[in-house]
Amino acid sequence: MIAYLIRRILMLVPVFLAVSVVIFSILHFIPGDPIDNLLKIGSSPEARAEMEVRYGLDRPLPVQYGIWLSNVLRGDLGTAIVARRPVADLIAQALPHSLWLGGLALLFSTVAGVGLGVVAALNRDRWPDRAIMGGVLLGSTMPSFWLGLILMLVFSVWLGWLPVSGARSWTALVLPVLTIGLGGTALVARITRVSMIEASGRDFVTLLHAKGLSPLRIQLRHVLRHALIPVVTILALRIGWILGGAVTVEVVFARPGLGTLLIKSLSQHDYPVVQACLLMLAMAVMLGTLLGDILQAVMDPRVRAALA
Amino acid sequence: MTFSFRKTLLSASVSLTALLAAQAVAAQEAIFVMATNEVGAPTYNPIKATMLNTATGLIFDRLVSQAADLSYHPWLAESWEEAPDGMSWTFKLKEGVTYHNGEPFNAAAVKAWIELFKAAQGENAYMAEAIASVEVVDDHTVRFIMSRPEPNLLYNLSSTFMGVVEPKSYAALGDDYGVTEVYGTGAFKLESFAIGQETVLVRNDDYTWGPAEAANHGPAKVALLTFREIPEDSTAFLELKTGGVDFLLSVPADLIGEIEKEPDLAILTLPGQDLWYMPINVTKAPFDDIRVREAAAKAINQQEILAAVFGGAGAVADTFLISALPESHVADSAKISYDPARANALLDEAGWTMGPDGIRLKDGQPLKVSLWTQSDSIFRRLTEVVQAQLKAVGIDAEITTFDSSMIRDQYKTGEQQLAVRSYNWDNADIVDWFFGGDRLGYPNVSMFNDPKAEELRAAAMTGAKNSEERVANFTAYHEYVLTQFPMAPIYQPLQVMAYNADRLIVPAKIDAPAFGAAAFLDLEVKE
Amino acid sequence: MRTWPAPLRALRQTTGGLAGGWLLLVAAAAILAPHLTPYAYDVQDLPQAYQPVSAAHWLGTDEFGRDLLTRLIYGARTSLTVSATAIAVSVLCGMVLGAAAAWFGGWPDRAVTVAVDLTWSFPEILIALILVAIIGPGTTGVMVAIAVAYLAQFTRLTRAQIMTLKGETFVEAARSLGAGTGHILFRHLLPNALAPVLVSAMLATGDAIILEATLGFFGLGAQPPVPSWGGMMSAGSALVFKAPWAIIFPGLAVAITVIAINLYGDALIAELDIRQKLRRTA
């Protein structure tokens, strides 16, 4: 098991390096230059050159990359060019908001999705199944910014129950979490339902029935446990998807977070900030994948046996 | 300068607990939403910033203040005197004034501040350019020795960019000044600043030196001010409507009707300082032909835009300056107004004949031009109306939308033909800013560089010995620019603000060009 | 009946039929737009702005007094063309890359695999936003962005299909009969891999419509006055309290169309009996 873990983590190294190269180089293809935003209008080329030296933008790209990567690995994310403060400070301001939003949305999708999926599977092909599956399909096909605006219209404007935007209180989290969570719920419910139905057909279930256990007990105690393996794996794989959803939702609800920081810095060409945000998001995805693999290994007896 | 990343994660988890604490709205606390065109200001450093927001004007006092009638009144300066030849100005400073960090405000501080301002060589340096040196006459008297007469000096000194910074901390903090810490003499102190998100100011309890126009000279009646930055007007409006915030510092005209429907909300208007216009790139065909420029300019139906896009609030613009400025009074022949007959005649004359599909043609080529705009919703709406109006005279304008903060880079390429823009300024020197031949691309989006205009510009900027001369020179410069059609004026909005009248008592009369320090001193929160 | 192609057989199921019917309706409306609509999508009628649903304007009007139904129909043209073209490009490139990786193995395979893992490390919306920032706003930028965002999916799927098929006896037989690489790839492997790829392309088109709408919400994509569903919702978001219909209807159009694509796709999967093939690589 330990050997598997180490191998699995080592496999992340080349992907991390590739990701860092892409993040670093792709930004330099975006037209426009952050230095332009800093320079006095009508500045001399010398002033420009001086500014480039100051931010290290005068050196060849591979050298810039090397410096950047070694700084990042030492925990130094650089200084924001436009915002003029350590990138780490900006990330520290934004990250907790995104973590709460993403974490709660993940929790919501898991709880609601598994619950609905179980109910649907237990009532397979009857009306509760059809109603739930229809409902979650609807939830997954609405663009998240649209769903967010509609929820805002109904719960904040018409009913006046929840704040419209921002992050000044806990209640401001409810609508953004719902907006992202509903999309995830659909996915989890579908997978839970399918794997419950599949697991019900397995030999051990027939055996349990033969032993005279109550059908509901079999479903909830034994079948669900098997059915949860793919759910957990898919959820971990989908962390990136949830973070992606957070980008738009943060903008809709004018919430602080990595998404709003990224969009703002992208439009200002504040390279160090964009690089740091992308790196954070990519690392979250990679860790999610890793987590998914590990959880699968821990939960699936067959994989566990193969690794032992 | 750079923190270790581990420390950052630690502080991240600490702020998680801060997030846990419920934030009850205490009495004597008010939540403002920053004007949409002030969203994203990266620093509270008035010397180096090119963009400052309303909160900056509360942290920093100025030597003089400007009243609604654009006259100047004492603030940190008790009185002042200009030498008859305009070559020196003497300011008598208020006594007993201290900065937020306890340092005294005196003649030496003013001298140090002006020297920092000049040394920074920033984009704002022109404001102090005519000041050759500063003499400390006595502890509370300071004299500016001028290199030339500057009739605009009091205007510059009243501007937020010349907010008086505390020189010692400014020198010590470097680029962190205005970001992590900032000290002025203002009625409020900076408590926290999350760029693009929120600024919190607390009352300066020692404050007693408010500007002459405020009824209350200090300390302020509101203890805590929160300024939120919300990029979308509609979201800000919904926050106000649902009680999430108390005051919107900008309200687009099309929302006035919605606010009037709400019983607890009130509208506050002040004369406008904004002007919307359509720059025309004079170097790009077909607009290198002045007839085509004039035609495009006169195809813009300002009245229709005022009524349909802005709900009739504000006024049409027919010059490049807001009507409150004397330099806007140019000859009628130079004013630019809707004249479709003239526009059509000019295009015919220039060889662009009407084609079968309503688009003009010349040598088989359609009259197709690009029209750039910004992604904010009001820009997009106005631009679509402009597009339709240009089409009415046979010009096919293709819209390209850029992110608001990205569009400057695009203008620097000089590839633009037409664009829709707005500016916020209440001094005639804005003509120099947007049409000066040394700023091609941005801010001179029109790429206008005309020898006669440059001569008139020099006379206007540095050639005047007194205010009357300055007005005359600027009027002549402005008038000449208008006759070359490097842009079409469109609209002058009012400054429209809105607030929750159940929560706030807003002073009945605001004797200032904007809702600034004086108004904030008089503002009250209902118990 | 058995000889009917699967896409038609899928229509015979209740949900598949309803979903397919809706898709045909939207496609027909988009193609026939100029003949269906009494209004022009770009002619402004400012006094008629913000009209609610009425007999004259079935879905109301927008802030310029333009008929929303007209714009919704023309918007279908933009949104469907952009999404479908992007996915088509993505599928073509993905099949080439995937087939090459699977067939040649070795370093081409490793390179493609790393590239695929790489794209999977970023949420689609981020890939699209950054690419549009590089290419510039407009439909071309959006198409490229969507195509790249989904490239990994099709590459991976094709690669997996070819890998499985490579070991099948009929391929071995063809090879032993002296068939060339090109012959085996194009005559035997790709046609057999086609069905699952096409079905997953269809489902991805639904996602692409949402992605296109999201980019439109950020003001990227079709430039005014040309309507797209995302652009309409973006404009509508500023009017949400004043003219809610301006954002509700385009959103419903997206939701219903994407649901229809999913349901029809499900029916198609059932008809083709390829659920297992898709599952293996999901």
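Everything numeric in this text was worked out from a predicted model, so none of it was measured.

Cut-offs used in this document
Residues numbered from 1 in each chain as written. Chains lettered and ligands numbered in written order. Predicted model: local features only at pLDDT ≥ 70, side-chain atom pairs only at ≥ 80, totals over all residues. Helix = DSSP H or I, 4+ residues; strand = E, 2+ residues; numbered from the N terminus. Buried ≥ 20, exposed ≤ 12 C-beta atoms within 10 Å, placed from the backbone. Contact = placed C-beta atoms within 7 Å. Nonpolar A, V, L, I, M, F, W, Y, C, P; charged D, E, K, R; others polar. Pairing = 2+ DSSP bridges. Axes fitted to C-alpha atoms, helices over the stretch in contact; angles between N-to-C directions. Parallel < 35°, antiparallel > 145°, perpendicular 65-115°, else oblique. Left-handed = near helix turned anticlockwise from the far one by under 90°.

(A) Structural context of the overall build of chain A. On a plain count of helices and strands, chain A comes out with 14 helices and 0 strands. When the helices and strands of chain A are placed in sequence order, the string is α-α-α-α-α-α-α-α-α-α-α-α-α-α. In terms of overall dimensions, chain A has C-alpha extents of about 85 × 55 × 30 Å along its principal axes. For chain A, the proportion of its 308 residues judged to be buried stands at 48%. Within chain A, residue pairs in contact and separated by at least 24 positions form 73% of the contacts whose partners lie at least 6 positions apart.

(B) Structural detail: the overall build of chain B. In terms of regular secondary structure, chain B is built from 16 helices and 25 strands. Look at the contacts in chain B between residues 6 or more apart in sequence, and 71% of them connect residues 24 or more apart.

(C) Just the interface of chain B and chain C, in detail. Listed by partner, the interface residues are 20 residues for chain B and 16 residues for chain C. Among the elements that take part in the side of chain B that touches chain C, helix α11 (residues 377–392) of chain B stands out by supplying 7 residues, more than any other. Its residues placed into classes, the side of chain B that touches chain C shows 6 nonpolar, 6 polar and 8 charged.

(D) Representation of the environment of C:Met232. Residues and elements named next belong to chain C. Tracing the sequence through the fold places Met 232 in helix α9 (residues 229–237). Between the alpha carbons of Met 232 and Ile 247 there is a distance of 7.0 Å; along the sequence they are 15 residues apart. Not counting residues up to four positions away in its chain, the partners in contact with Met 232 are Arg 71, Gly 75, Pro 227 and Pro 250.

(E) Focus on the sheet that holds strand β20 (residues 418–419) of chain B. All names here are of chain B. Strands sit in the order β19-β18-β20 across an open sheet of 3 strands; the sheet is parallel. Each having just a single partner strand, β19 (396–402) and β20 make up the two edges of the open sheet. Sheet topology places strand β18 (residues 368–374) next to β20; 2 bridges connect them, and they run parallel. Along β20, the bridge assignment pairs Trp 372 with Ala 419.

(F) Summary view of the packing of helix α8 (residues 181–217) of chain C against α9(C). Residues and elements named next belong to chain C. Where α8 contacts α9, the axes come no closer than 7 Å and their chain directions differ by 40°. By the angle between their axes, α8 is oblique relative to α9. Where α8 crosses over α9, the handedness of that crossing is right-handed. Only Trp 229, Gly 230, Gly 231, Met 233 and Ser 234 of α9 make contact with α8, whose side of the interface consists of Glu 212, Ala 213, Thr 214, Leu 215, Gly 216 and Phe 217.

Treat this as a map of the structure, not an account of what it does.
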